[in-house]
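Each chain, written out:
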Amino acid sequence: MKVFEKKKDIYVEENCDSEQTAFIDKNAENTKRLNKDLDIRHLVFLAVGGSIGTGLFINSGSALNLGGPASLVLDWGLVATCLITVMNALGELAATYPVNGGFNVYFDKFLDPSVAFAVNINYVLQWAVLLPLELVAASMTIQYWNDKLNPDIFVAVFFAVIVVINFMDVKIYGEVEVVLSMIKLLAIVGFFILGIVLICGGTPEGHYIGNKYWREKAFVGAPGVPRFKNICSNFVVAFFSYSGVESCCLAAAESKNSHKTLPKSSKRTFWLVTLSYMSILTLIGFLIPYDDPRLLGGSNSVDATASPLVIAIENGGIKGLSSLMNAIILIAVLSVANSSVYACSRSLASMAQLGNVPSLLGKVDKRGRPMNAILVTLFIGLLSFVAASDKQEEVFTYLSALSGLSTLFLYFSINLSHLRFRYAMKVQNKSLDSLPYKSMTGIWGSVYGCVVLVLIFIASWWTSLEGTKIFFQSFASLFVLIGSYLGHKIYSRRWTKYYIKGKDIDLDTGKRDIDEEVFKQEILLEKQNYASYPWYKKFFEFWC
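Residues numbered from 1 in each chain as written. Predicted model: local features only at pLDDT ≥ 70, side-chain atom pairs only at ≥ 80, totals over all residues. Heavy atoms only, no water.

1. A closer look at the overall build of the protein
Quick note on the threshold: Helix and strand labels come from DSSP, where a helix needs a run of H or I of at least four residues and a strand needs a run of E of at least two; each type is numbered from the N terminus. Exposure is judged per residue with a 1.4 Å probe applied to protein chains only, and the accessible area is read against the type maximum: over 50% gives exposed, under 20% gives buried, and values in between give partly exposed. Any two residues whose heavy atoms approach within 4.5 Å at even a single point are treated as in contact.
Looking only at helices and strands, the protein features 22 helices and 3 strands. Relative to its 544 residues, the protein shows a buried fraction of 56%. Here the contacts in the protein between residues at least 6 apart in sequence split such that 80% fall between residues at least 24 apart.

Pasting the structure below:
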């Protein structure tokens, strides 16, 4: 007897202008709803909140030490070219199917239920582990000012703040994320200006840096295989840094006018996050030598004392500013912790609606919150109270390993889902003109993204073959993926079905309900308005 029944036809957007999206469960007596209170501003800053954190402010230092300044630009830049295809593919799918859980549902619809289960389990694990990890990072950041107090005191304070924010309505939650993300972006702009000043010699000592560190060692390691291996080792760090940008489409069911807001938010999120990373990482390579011992001086991977931004300010001899930067790092990691609760709880809720986890986790309360999923996520966050333990680094190393490559699996599945969606449209003779938004990069962009992701996976595998411990830390998530996939195949008894045929893909369920004639008139009006724009506004509208 099956414990969880597979539920179908559960997602329907009743009206693109309605205030809520209904989860229609044919086996349930009552219809539960999520509030549709998020607009473009909320969606963009929600993604910024989840993606700009320890990856930029702390972990980029160890990446500089391993690969050198040129490696930072190369690794993060290559991942960004892949990311633009992912965000465009996701924008097209989310605008067409604005459902709770977004891409978590697309894998089930366009690929295979077992693939969806495996990828989603990895994704949930990533965010579930990230919550306590970021809370520990926040408590350790406090130690910059006071290292005498027990870090669990600050974990308790920060945990309480996260609980209060996530118990509020989604609109209030969105406004909080807007404020936190704005602080981070202002700090990035401020550091960018400061970095240029420092490079040009605008320090109290008047020391000119220029491109000194790029000339001395652009890449770390001997020419050939060793140097290439160091570059490849940073790819996983880059993917971990970017993870979270996809969360703007995870909130598809809670967004207003999803056919317009989701494509725009996905593109704007990409540019905002990518420009933030590329500008700061380029400056870091100019400001700090790769062999600065402080880059590896932190007690662990979330210790803000190893932040290259703080080190750059200290090298510049500017007193007091390093304290301000640590305060911003504290806000950044708390913002990521806050976003992790949202991402994890909504993913759990969508998996519950698909029948992959207990249906209890999919229930939505009267205020439009998946409260049971939120409570489960917060319960996992209690792991953060190991902050005072001397084993906390070991605990989080192994927990993080369980989802280390989840972002790579996720992005590959999103691009593959887009390709399968377009193939089903072709096989079933559906016109692309009916889509509210078409990916700028098209199917060839998704093909490129898949190829790059496979190559990065192979490179990561190669660099991890230096020892059992390193291999486990890098690829434990692969075994979680395979185990979840096989376990679901056994449970569902889908022994001979490895994918859904194009002609059998359901292109109607969950699709945004539109009047085709009205839609054509809207498109015609938008084209006329676009033609009247000045060139700079056309450029902005096309890319953003």
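2. What about helix α1 (residues 40–51)?
To be explicit about the condition: What a helix is expected to span follows from its residue count: subtract one and scale by 1.5 Å.
Helix length check: α1 (12 residues) gives 17 Å between terminal C-alpha atoms against 16 Å at 1.5 Å per residue, within 8%. In terms of burial, α1 is largely enclosed, as 11 of its 12 residues are buried.

3. So, a nonpolar patch on the surface
Stated formally: Residues form patches when they are more than 30% accessible in relative terms and have no salt bridge. Like charges link within 9 Å. Nonpolar side chains (Val, Leu, Ile, Met, Phe, Trp, Tyr) link within 5 Å. Reported accessibility uses the Shrake-Rupley method at a 1.4 Å probe radius. Residues are deemed covered only where the shown protein chains occlude them. We define a salt bridge as a side-chain nitrogen of Lys or Arg found within 4 Å of a carboxyl oxygen belonging to Asp or Glu.
Taken together, the side chains of Ile 443, Trp 444, Val 447, Val 451, Val 454, Leu 455 and Ile 458 make up a nonpolar region of the molecular surface, amounting to roughly 660 Å² of accessible area. When you line up the elements, Val 447 lands in helix α19 (residues 442–463). Given the relative accessible area of 31%, Val 447 is considered partly exposed.

4. Details of the confidence of the model for the protein
Here is the rule we go by: For every residue, the predictor states its confidence as a pLDDT score lying anywhere from 0 to 100.
Per-residue confidence for the protein gives a mean pLDDT of 80; residues scoring 70 or more make up 84%. Contacts from residues 1–32, a stretch scored under 50 in pLDDT, to residues over four places away or in other chains number 81 contacts.

5. Some remarks on the packing of aromatic side chains
This is how the line gets drawn: Side-chain rings of Phe, Tyr and Trp, where Trp is taken by its six-membered ring, are said to pair if the distance between their centres is within 6.5 Å; with planes under 30 degrees apart they count as stacked, over 60 as edge-to-face, and otherwise as tilted. Either the NZ atom of lysine or the CZ atom of arginine qualifies as a charge over a ring when it sits within 6 Å of the ring centre and within 35 degrees of the ring normal.
Per the stated rule, a full pass over the model turns up 15 aromatic pairs. Aromatic side chains Tyr 97 and Phe 110 sit 5.8 Å apart centroid to centroid with 65° between the ring planes, which places their arrangement in the edge-to-face category. A residue pair is termed long-range when its members are at least 10 positions apart, and Tyr 97 in the loop between α4 (69–96) and α5 (103–110) and Phe 110 in helix α5 qualify at 13 residues. Grouping residues by exposure puts Tyr 97 and Phe 110 together as buried. Ring centres of Tyr 242 and Tyr 277 lie 5.1 Å apart, and the angle between their planes is 55°; on these two criteria the pair is classed as tilted. Residue Tyr 242 is found in helix α11 (residues 235–242), and its partner Tyr 277 is found in helix α13 (residues 258–287); the two are separated by 35 residues along the sequence. A cation sits over an aromatic face here: Lys 229 above Trp 462, 5.4 Å from the ring centre.

6. Brief notes about the side chain of Asp 75
Applied cut-off: Charge counting follows a simple rule: Lys and Arg are positive, Asp and Glu are negative, and His as well as the terminal groups are ignored.
Mapped onto the elements, Asp 75 comes out in helix α4. Salt bridges are absent for the buried Asp 75, whose nearest opposite-charge side chain, Arg 227, sits at 12 Å. Once residues lying within four places of it in the same chain are set aside, the contact partners of Asp 75 are Ile 231, Asn 234, Phe 235 and Ala 238.

7. Overview of the packing of α4 against α11
Operational definition: Orientation is described by lines fitted to C-alpha atoms, with helices fitted over the stretch in contact, and by angles between N-to-C directions that extend from 0 to 180 degrees. Note that the term roughly parallel is reserved for angles under 35 degrees, roughly antiparallel for angles over 145, roughly perpendicular for angles of 65 to 115, and oblique for everything else. Left-handed describes a crossing whose near helix is turned anticlockwise from the far helix by less than a right angle; the clockwise case is right-handed. Gly falls in the polar group here, along with every residue not listed as nonpolar (Ala, Val, Leu, Ile, Met, Phe, Trp, Tyr, Cys, Pro) or charged (Asp, Glu, Lys, Arg).
In the contact formed by α4 and α11, the axes pass within 9 Å of each other and the chain directions differ by 55°. Relative to α11, the element α4 is oriented oblique. When the axes of α4 and α11 are compared, the crossing they make is right-handed. Residue-level inspection shows Asp 75, Trp 76, Leu 78, Val 79, Ala 80 and Leu 83 of α4 in contact with α11, the latter providing Phe 235, Val 237, Ala 238, Phe 239, Ser 241 and Tyr 242. Class assignment for the residues of the contact of α4 with α11 results in 10 nonpolar, 1 polar and 1 charged.

8. Focus on the packing of helix α15 (residues 321–353) against helix α16 (residues 371–380)
Relative orientation of the contacting elements α15 and α16 amounts to 130°, with a least axis distance of 8 Å. Judged by the angle between their axes, α15 and α16 are oblique. In the packing of α15 onto α16, the handedness of the crossing is right-handed. Of the residues in α16, those touching α15 at Ser 340, Val 341, Cys 344, Ser 345, Arg 346, Leu 348 and Ala 349 are Ala 373, Ile 374, Val 376, Thr 377 and Leu 378. When its residues are assigned to classes, the contact of α15 with α16 shows 8 nonpolar, 3 polar and 1 charged.

9. Side note on the pattern of salt bridges
Applying the stated criterion to the full structure yields 5 salt bridges. Its salt-bridge partner being Asp 508, residue Lys 430 comes within 4.0 Å of it at the nearest N-O pair. Of the two residues, Lys 430 sits in the loop between α18 (406–427) and α19 while Asp 508 sits in the loop between α20 (468–492) and α21 (516–531), which places them 78 residues apart along the sequence. Taking the relative accessible area as the measure of exposure, Asp 508 reaches 52% and is therefore exposed.

10. Some remarks on α11
Each α-helix turn comprises 3.6 residues. Residues three or four places apart therefore point the same way. As a reminder of what qualifies: The arc in question is formed by the directions pointing from the helix axis toward the C-beta atoms.
Every buried residue belonging to α11 is among Phe 235, Ala 238, Phe 239, Ser 241 and Tyr 242, and all of these are buried. Within α11, the buried residues cover an arc of 160° as seen down the axis, which keeps them to one side. Positive phi appears at Gly 244, one or two residues downstream of α11, with a value of about 120°.

11. Thoughts on the environment of Ile 153
Tracing the backbone through its elements, the reader meets Ile 153 in helix α7 (residues 151–166). Separated by 14 residues in the primary sequence, Ile 153 and Ser 139 place their C-alpha atoms 8.2 Å from one another.

12. Topic: the environment of Phe 471
Mapped onto the secondary structure, Phe 471 falls in helix α20. Separated by 10 residues in the primary sequence, Phe 471 and Trp 461 have C-alpha atoms spaced 7.9 Å apart.

13. A short note on the environment of Ile 58
Following the sequence through the fold, Ile 58 ends up in the loop between α2 (54–57) and α3 (59–67). Using a relative accessible area of 4% as the deciding quantity, one classes Ile 58 as buried.

14. A few points about the side chain of Ser 71
By secondary structure assignment, the location of Ser 71 is in helix α4. Excluding its chain neighbours within four sequence positions, the residues that come into contact with Ser 71 are Trp 76, Ala 218, Phe 219, Ile 231 and Asn 234.

15. A word on unusual backbone geometry
A positive phi angle, close to 55°, is found at Asn 429, a residue other than glycine. Along the chain, the position of Asn 429 falls in the loop between α18 and α19.

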